[in-house]
Amino acid sequence: EAEVAQSPRYKITEKSQAVAFWCDPISGHATLYWYRQILGQGPELLVQFQDESVVDDSQLPKDRFSAERLKGVDSTLKIQPAELGDSAMYLCASSLAEWASGAQETQYFGPGTRLLVL
Amino acid sequence: AQSVAQPEDQVNVAEGNPLTVKCTYSVSGNPYLFWYVQYPNRGLQFLLKYITGDNLVKGSYGFEAEFNKSQTSFHLKKPSALVSDSALYFCAVGNSGTYKSIFGTGTRLKVLA
């Protein structure tokens, strides 16, 4: 069964350092999502891609976070510099959804990257 | 604007008893409703969804959910709980005019042997 891959699974860093997370969605899934999940809360959407284009990054702290999906397949989320409040689980998900159609499809989640900023 | 509420932080149920995890929503237009489950240190797994059609939706692992338009609810149910059902459950809502889902804060289900 196809799965969303994420790496690393765990990351410990010091504040002010740079960190990067990688996601490989299920083959053929045009839409890719990055979420941040703080302990005890639901996932919060950071950025959504349709192929290589960003369709929603309204909740992405753009002064320190960046995301790219250059070839419309895998994606990287970067934080620079990391702050203590960035400690969370970072989830990647993908779906078949074509956002312009307005349809909502099931999202398939990767295992997540747990970030701890010291 | 769309929103979703899971009024219970935790639900405890004895193994073999029926379980219900509550979800209410607010959305303009026709809702898209989802339930996901999360096990410790794992990503979310899809359980079921309602887009249109029958109000009772059947999903994975024996779970089902009932869409109630008048009460704007989409409660998750299972006739007989298993200890292995213990996990964190998230309800999510979107609508036909947008492309993203909003997730609830989650309900921790504990099934006691």
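Fair warning: this is a prediction, and the values are worked out from it, not measured in the lab.

Analysis parameters
- Residues numbered from 1 in each chain as written.
- Chains lettered and ligands numbered in written order.
- Predicted model: local features only at pLDDT ≥ 70, side-chain atom pairs only at ≥ 80, totals over all residues.
- Heavy atoms only, no water.
- Disulfide = S-S within 2.5 Å.
- Helix = DSSP H or I, 4+ residues; strand = E, 2+ residues; numbered from the N terminus.
- Buried < 20%, exposed > 50% of the residue type's maximum accessible area, 1.4 Å probe, protein only.
- Salt bridge = Lys/Arg side-chain N within 4 Å of Asp/Glu carboxyl O.

**Considerations on the state of the cysteines**
Consideration 1: Enumeration over the complete set of coordinates arrives at two disulfides over all chains.
Consideration 2: Between the sulfur atoms of C23 of chain A and its disulfide partner C92 of chain A the distance amounts to 1.9 Å. Classification of the bridge connecting C23 of chain A and C92 of chain A rests on its S-S torsion, roughly -70 degrees, and on that basis the disulfide is left-handed. Separated by 69 residues along the polypeptide, C23 of chain A in strand β3 (residues 19–24) and C92 of chain A in strand β9 (residues 88–95) bring together distant segments of the chain.
Consideration 3: Judged by its relative accessible area of 0%, C23 of chain A is buried.
Consideration 4: The disulfide that involves C23 of chain B links it to C91 of chain B, with 2.0 Å between the sulfurs. Taking the sign of the S-S torsion, -60 degrees for the link of C23 of chain B and C91 of chain B, the bridge is left-handed. Taken together, the positions of C23 of chain B in the loop between β3 (19–21) and β4 (24–26) and C91 of chain B in strand β10 (residues 87–95) put the pair 68 residues apart, joining distant regions of the chain.
Consideration 5: C23 of chain B sits in the buried class, given a relative accessible area of 0%.

**Considerations on the pattern of salt bridges**
All names here are of chain A.
Consideration 1: Per the stated rule, a full pass over the model turns up seven salt bridges over all chains.
Consideration 2: Here E44 ties to R36 by a salt bridge, and the two come within 3.5 Å at their closest N and O atoms.
Consideration 3: Judged by relative accessible area, which is 30%, E44 ranks as partly exposed.
Consideration 4: Its relative accessible area of 13% is what places R36 among the buried residues.
Consideration 5: Close ionic contact of D86 with R64 constitutes a salt bridge, the shortest N to O distance being 2.6 Å. Taken together, the residues span a long stretch of sequence, with D86 in the loop between β8 (75–79) and β9 and R64 in the loop between β6 (53–56) and β7 (65–68) at a distance of 22 residues. Side by side, D86 and R64 carry an identical accessibility label, which is buried.

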